Structure formats: C-alpha cells, structure tokens
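Tertiary structure, described
Below are the chains, spelled out letter by letter.
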Amino acid sequence: MARGLETFLAVFMLGAATAPGAADPLLREFAVCAGRLSAVMEDQWMFDGPGSERTAEELAAVVSLIDASMPAGDGRKVMAWRIDAKVAQRGLLHQGRFAREPRLARTAAARAEALAAGCRDLLFGAGS
C-alpha cells in the first residue's frame with residue numbers, strides 16, 4: 001500500500017472513531033468509486049484487456065478502504081451506492097462508445113473518464 005494511502009487511512013480511521021457518523025460521506029465516496037471502477041474494468045475486459053489489470057488493482061484498493069471504514073450493518077447501503085454508480089458509469093461508457101451522435105459520444109466518454117480519474121485521484125492524489 002502506498003505510504004500516503006496508509007497515512008490517509010490512519011487519519012481517516014482516527015476521525016471516524018472520534019466522530020461517529022462523520023465517516024458516512026467518505027464511505028459513500030469510496031462506494032461510488034468502487035462502482036465506477038468496476039464498470040470501467042468490465043468495459044476494459046471487452047475493449048482494453050491490459051488496462052483492466054490496473055483498474056482491478058485500483059478497485060481492490062477502494063474495496064479495502066470500504067472494508068476498513070464500513071460500520072457493521074451498512075453493507076446493504078454501501079452495496080446500493082456501488083450498484084447505482086456502476087450502472088451510471090456503464091451508461092456513460094456505453095454512450096461514449098455507441099452513441100450515434102459524435103458530440104454526445106465525446107461528451108459521455110469525457111465524463112466517464114473524468115469520473116474515473118476523480119476516483120484515481122482519491123486513491124493516489126491529483127497528478128498521479
């Protein structure tokens with residue numbers, strides 16, 4: 001695990017332990033990113049095989065953050081966030097590849113990439 005990620009997780013867990021309920025927005029962000037990266041990985045299985053290996057590692061990192069920060073009993077809520085995000089990301093990826101209108105395809109593809117990049121920035125910091 002990257003040193004910055006370890007520090008972030010330690011600070012996060014300390015904050016979660018001292019402020020019950022405060023971790024929920026960050027947990028939701030982790031869950032949404034897991035859903036998005038899952039959709040990207042599945043898209044890459046079809047269109048960019050080697051890219052899926054890196055995305056699988058990123059997804060595993062996000063899932064470990066979810067596991068470390070999820071309170072008991074929140075599994076259903078977290079899974080719902082993941083599924084909703086995955087469906088939305090899959091829709092953008094589909095439009096980006098198959099939309100008949102080129103402008104719509106470019107916009108959807110750019111949005112899908114921006115959302116996935118935001119998740120990667122959450123893990124590795126901006127500019128990674």
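Quick summary incoming for the structure in this document.

Reading the values: rules and limits
Each chain carries its own residue numbering, running from 1 in the direction its sequence is written. Per-residue local features are limited, in this predicted model, to residues with pLDDT of at least 70; the limit for side-chain atom pairs, both in listing and counting, is 80 or more; totals at the level of whole chains, interfaces and linings are taken over all residues. Side-chain measures here rest on the full set of heavy atoms in the structure, leaving out hydrogens and waters. Disulfide: a pair of cysteine sulfur atoms within 2.5 Å of each other. Think of it this way: any DSSP run of H or I at least four residues long counts as a helix, any run of E at least two long counts as a strand, and we number them from the N terminus. Relative accessible area decides the class of each residue, using a 1.4 Å probe on protein chains only: under 20% of the type maximum gives buried, over 50% gives exposed, and in between gives partly exposed. Only Phe, Tyr and Trp rings take part, Trp by its six-membered ring, and two of them pair if their centres are within 6.5 Å. Stacked means planes under 30 degrees apart, edge-to-face means over 60, and tilted covers everything else. Note on geometry: a ring has a charge over it if NZ (lysine) or CZ (arginine) is within 6 Å of the ring centre and within 35 degrees of the ring normal. For this analysis, residues touch if any pair of their heavy atoms sits within 4.5 Å. Each helix should span, by expectation, one fewer than its residue count multiplied by 1.5 Å. By convention a nonpolar core is built from buried Ala, Val, Leu, Ile, Met, Phe, Trp, Tyr and Cys residues, the set being connected through side-chain atoms within 4.5 Å.

Disulfides are covalent bonds that connect the sulfur atoms of two cysteines. A complete count under the given rule lists one disulfide for this structure. Two residues, C33 and C119, share a disulfide whose sulfurs are 2.2 Å apart. Here the disulfide of C33 and C119 is left-handed, its torsion about the S-S bond being about -90°. Pair noted here: C33 is in helix 2 (residues 24-47) and C119 is in helix 5 (residues 102-124), with a separation of 86 residues, a long-range link. Here C33 matches C119 in class, with each residue buried.

Now for the packing of aromatic side chains. A full pass over the atoms with the stated rule returns one aromatic pair. Its end group placed over the ring of F47, R97 keeps NZ or CZ at 4.0 Å from the ring centre.

What follows deals with the environment of E58. Tracing the backbone shows E58 in helix 3 (residues 49-69). A relative accessible area of 2% places E58 in the buried class. For the pair formed by E58 and A34, sequence separation is 24 residues and the distance between their alpha carbons is 8.7 Å. If we ignore the near neighbours within four places in the chain, the residues touching E58 are L37, R120, L123 and F124.

Before going further, it helps to spend a moment on helix 5. In this model helix 5 runs 32 Å from its N-terminal to its C-terminal C-alpha over 23 residues, within 8% of the 33 Å that 1.5 Å per residue would give. All of the buried residues in helix 5 are A105, A108, A112, L115, A116, C119, R120 and L123. Residue G125 follows helix 5 closely and has a positive phi angle near 85°.

For soluble globular proteins, the rule of thumb is that nonpolar side chains tend to be buried together. Membership of the largest hydrophobic core comes to 16 residues, with the highest contact counts inside it found for V62, I66 and V78. Top element by residues in this core is helix 2. It accounts for seven residues. Every residue in contact with V62, bar those within four places of it in the chain, is listed here: F30, C33, A34, L37 and L123. Membership of the second largest hydrophobic core comes to eight residues, among which are V40, L92, L93 and A112.

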